[in-house]
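Okay, here's what each chain looks like letter by letter:
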Amino acid sequence: MADATMGRTARAPARREAMVSPRARRTITSVVLAVLCAVWVYPIVWMISASFKTNNEIFGDTGLIPDAPTVENYARAWSEANIGRYFFNTMFVTVGSVVVTVIATALMGYVLGRRRFPGRGLLMGLMVFTLFIPQGYTIIPVFELLTTAGLGQSLWGLMLATCGHSVVIFTLLFAGYFAQMPKELEEASRMDGVGPVKTFWYVMLPLSKPIVVTVVVLQTLQAWNDFLLPLVITLANPDLRTLSVGVYSFRGEHFIDWGGMNAASAITIIPIVILFLFLQRYFIDGLAGAVKG
Amino acid sequence: MSTADHDIPAAGPRTGLGTRLWAHRVDYLFLVPGLVIFGAFILWPMLASQYYSLLDWSGFDSRRIFVGLRNYRELLADEFFVAAFWRSVWFTLATVPLQMLLGLVLAVILNNRLLKLSAVFRTLIFLPVVTPVAVIAIVMALMLSPFNGPINDLITGAGLVQRAVDFLGSPQLVMWSLAGIYVWKWTGVTMIYWLAALQTVPDELYEAARLDGVTGRQVTMYVVMPIIAPFAVVIGLISAISALNVFPLIQATTQGGPFFASEVMEVFIFRTAFAPPSGTFPQLGYASAAGVLFGLAIMGLTILQVLAVRRTRRKEPGHG
């Protein structure tokens with residue numbers, strides 16, 4: 001094997017990396033990567049496996065395959081930890097905030113990117129200035145505002161506030177994208193007697209699909225992973241907890257039930273992982289759009 | 001400012017402001033939803049925080065007493081605040097370079113189209129990114145547990161250490177452990193950013209370099225790197241900002257402990273405002289002042305980075 005490799009690359013200069021054929025190098029790379037990836041996802045695989053084990057078995061040295069697989073942890077997590085309810089809450093906040101965010105930021109980005117209206121410079125300046133404001137800076141007034149508006153104890157309040165996290169970045173992404181489009185687009189539709197709202201909805205928004213995908217992906221990740229805001233809003237109201245906060249509280253309340261915790265964790269990650277596996281291309285294009293845009 | 005490029009010729013610069021506002025009425029209508037969200041959850045909280053930072057205010061229902069800059073003076077003398085501030089800086093410096101380097105190496109390897117399984121590897125490396133921090137906190141508490149945790153079993157079994165290491169329970173080790181967990185969780189995103197940057201390298205360049213007899217490693221070092229280098233500033237900025245906002249991971253994993261050893265800025269703010277130690281009152285004004293100082297520091301960092309971007313842009317060929 002080694003001889004054949006040497007023979008095939010004999011013409012190449014005698015550098016160390018040229019000693020091995022490209023194909024053999026790729027195989028070696030693949031093996032190294034496979035080992036790395038196995039280590040990389042081991043904690044998650046271990047967690048899924050532990051979710052089928054009894055509490056005693058988890059800390060016994062039994063490897064990844066449970067001796068006597070049990071779904072009891074899942075039943076306990078579902079009933080005691082209220083995971084079903086948290087699941088619904090998370091879906092509501094995620095889907096709602098994605099819809100609101102996409103529409104609001106696309107509209108605002110469209111106007112900022114294509115119109116020279118009075119006040120545009122001021123608005124752009126304000127937005128850039130607040131681009132990287134940390135959540136710790138805004139959380140107290142946000143909580144107070146929601147309470148004053150009567151939304152401090154509601155999923156709607158949580159959903160709306162979740163829209164706020166990245167509204168500036170998303171708007172700027174849309175503005176940059178819309179600004180590059182030819183201005184004949186609106187002229188053509190005005191000639192045809194199409195109103196501005198229809199032009200936006202049927203012409204401009206479909207054309208900005210790459211940015212829409214980026215915003216949907218980033219906002220989904222944001223909402224599903226969000227922690228500080230739901231934690232603060234649900235401190236006094238456990239019924240509104242999202243999965244993240246629910247799993248966190250489960251740990252605080254049942255701190256020795258590791259089997260239940262792992263089952264609750266598995267329930268939390270399974271939907272987002274499935275979503276990711278199916279929409280992987282969009283996730284990757286979406287994130288890539290954030291850097292290129 | 002010329003108005004020649006927009007689509008409402010009637011609203012030239014010489015027309016009155018009222019006319020121009022009216023001419024753009026549909027635009028303003030379009031702005032409403034975004035402005036409501038931006039105003040309510042970004043702009044107003046920013047301004048309000050600055051006002052609250054001047055108050056002695058213990059709890060949302062209690063009286064607010066104006067105390068001027070007292071909160072700021074006390075903060076700068078508060079060892080917990082100062083420690084938390086530098087801990088946030090340390091955390092950023094410890095994680096961002098490692099995360100960027102690891103992400104870059106993975107991206108360069110996985111960018112090879114002939115590598116058949118690269119999509120599978122990419123997916124696996126991305127998996128921790130979509131795993132919520134509350135889950136990661138539980139998994140890592142188990143993984144790193146000093147009582148029969150798999151990692152301790154491994155290193156004691158291999159004879160690397162005599163006794164089990166308490167990765168998350170030791171004040172000396174906890175920040176390093178958290179930095180490691182953080183890099184593990186987020187490198188997948190950095191890798192995708194670098195892969196996006198690599199897409200901007202034209203195929204012809206690889207081809208040309210290969211025909212010139214340049215080796216793969218040389219292509220990467222001398223052809224690809226200079227092209228994607230400008231992206232480093234943007235990726236670095238995004239990574240630094242998220243490392244400064246590490247609240248979820250730390251609150252979920254250690255809650256700032258043990259003995260405040262992992263209390264970063266936002267954990268400090270959360271504790272002061274929403275989860276005061278039993279027997280004490282929340283200090284909303286004090287926490288707001290901490291938030292303002294932290295926000296100003298991040299803004300300073302952002303401005304520095306923007307200046308850096310401008311400088312790299314200017315250095316590009318064609319701009320002298």
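Values in this document were obtained by computation on a predicted structure and should not be read as measured data.

(A) A look at the overall build of chain B. A tally of helices and strands in chain B yields 13 helices and two strands. Its C-alpha radius of gyration of 25 Å places chain B more than 25% over the 20 Å reference for a compact globule of 320 residues. With the C-alpha coordinates aligned to their principal axes, the bounding extent of chain B is approximately 80 × 70 × 35 Å. Buried positions account for 49% of the 320 residues belonging to chain B. Long-range contacts, defined here as pairs at least 24 residues apart, represent 63% of the contacts in chain B between residues at least 6 apart. Total accessible area on chain B stands at roughly 15,700 Å², and carbon and sulfur atoms take up 66% of it. Each charge class in chain B was averaged separately, 21 positive and 17 negative side chains, and the resulting centres sit 4 Å apart.

(B) Up close: the interface of chain B and chain A. The interface is formed by 105 residues belonging to chain B together with 89 residues belonging to chain A. Between chain B and chain A, roughly 9,000 Å² of surface is buried when both sides are summed, and carbon and sulfur atoms account for 78% of that area. When residues of chain B are sorted by the area they lose upon contact with chain A, Phe 30, Phe 41 and Leu 142 of chain B head the list and together hold 9% of the total. For the pair chain B and chain A, the number of links is two salt bridges.

(C) Representation of the pattern of salt bridges. Under the definition given, this model contains eight salt bridges over all chains. Among the salt bridges present, the one from Arg 115 of chain A reaches Asp 27 of chain B, with a minimum N-O distance of 3.0 Å. Of this pair, Arg 115 of chain A sits in the loop between helix H5 (83-114) and helix H6 (120-129) while Asp 27 of chain B sits in helix H2 (residues 25-52), which puts the two residues in different chains. Exposure remark for Asp 27 of chain B: the relative accessible area of 3% places this residue in the buried category. In this structure, the salt-bridge partner of Arg 271 of chain B is Glu 263 of chain B, at a minimum N-O distance of 2.6 Å.

(D) Fine view of the UniProt feature "domain: ABC transmembrane type-1" (unreviewed entry) in chain B. Mapped onto this numbering, the UniProt entry gives "domain: ABC transmembrane type-1" (unreviewed entry) at residues 85-305 of chain B. Its end C-alpha atoms 20 Å apart, residues 85-305 of chain B is made of 70% helix and 0% strand.

(E) Representation of unusual backbone geometry within the structure. All names here are of chain B. Despite not being glycine, Phe 259 has its phi angle at roughly 50°, a positive value. One can find Phe 259 in the loop between helix H11 (247-253) and helix H12 (265-273). The exposed category is assigned to Phe 259, whose relative accessible area is 72%. Although it is not a glycine, Phe 260 sits at a positive phi angle of roughly 65°.

(F) Spotlight on the side chain of Asn 89 of chain A. Residue and element names in this part refer to chain A. Relative to the helices and strands, Asn 89 resides in helix H5. Under the relative-accessibility criterion, Asn 89 is labelled buried at 0%. Within the structure, the side chain of Asn 89 is placed 3.5 Å from the backbone oxygen of Leu 240, a separation counted as a polar contact.

(G) Spatial organisation of the UniProt feature "transmembrane region" (unreviewed entry) in chain B. All names here are of chain B. UniProt annotation of "transmembrane region" (unreviewed entry) refers to residues 28-47, 89-111, 123-144, 173-198, 219-241 and 286-309 when read in the numbering used here. As a span, residues 89-111 carries 96% helix and 0% strand, and end to end its C-alpha atoms are 32 Å apart. Structurally, residues 173-198 comprises 96% helix and 0% strand, and the distance from its first C-alpha atom to its last is 36 Å.

(H) Quick look at H12 of chain B. Burial runs high along H12 of chain B: nine of the nine residues are buried. Of all the positions in H12 of chain B, only Met 265, Glu 266, Val 267, Phe 268, Ile 269, Phe 270, Arg 271, Thr 272 and Ala 273 of chain B are classed as buried.

(I) Molecular detail of the confidence of the model for chain B. With 93% of its residues at a pLDDT of 70 or more, chain B has an overall mean of 84. Scored below 50 in pLDDT, residues 1-11 of chain B shows 16 contacts in the model against residues more than four places distant or in partner chains.

(J) Broad picture of the nonpolar core. Ile 83, Ile 140 and Phe 200 of chain A together with Phe 126, Val 130, Ile 228 and Phe 268 of chain B are the most contacted members of the largest nonpolar core, which totals 182 residues. Ranked by residue count, the leading element in this core is helix H8 (residues 174-198) of chain B, at 15 residues. Setting aside residues up to four positions removed in sequence, Ile 140 of chain A forms contacts with Tyr 52, Trp 57, Phe 60, Ala 273, Phe 274, Leu 284, Ala 287 and Ser 288 of chain B.

About the cut-offs
- Residues numbered from 1 in each chain as written.
- Chains lettered and ligands numbered in written order.
- Predicted model: local features only at pLDDT ≥ 70, side-chain atom pairs only at ≥ 80, totals over all residues.
- Heavy atoms only, no water.
- Helix = DSSP H or I, 4+ residues; strand = E, 2+ residues; numbered from the N terminus.
- Rg over C-alpha atoms; globule rule 2.2 N^0.38 Å.
- Buried < 20%, exposed > 50% of the residue type's maximum accessible area, 1.4 Å probe, protein only.
- Contact = heavy atoms within 4.5 Å.
- Areas by Shrake-Rupley, 256 points an atom, 1.4 Å probe, with all protein chains shown as cover.
- Lys, Arg positive; Asp, Glu negative; His and termini not counted.
- Charge placed at Lys NZ, Arg CZ, Asp CG, Glu CD.
- Buried area = accessible area lost by both parts, 1.4 Å probe.
- Salt bridge = Lys/Arg side-chain N within 4 Å of Asp/Glu carboxyl O.
- UniProt positions renumbered as here; feature names shortened; annotations may be inferred.
- Polar contact = N/O pair within 3.5 Å; in protein donor to acceptor, adjacent residues only side chain to side chain.
- pLDDT = per-residue confidence, 0-100.
- Core = buried A, V, L, I, M, F, W, Y, C linked by side-chain atoms within 4.5 Å.

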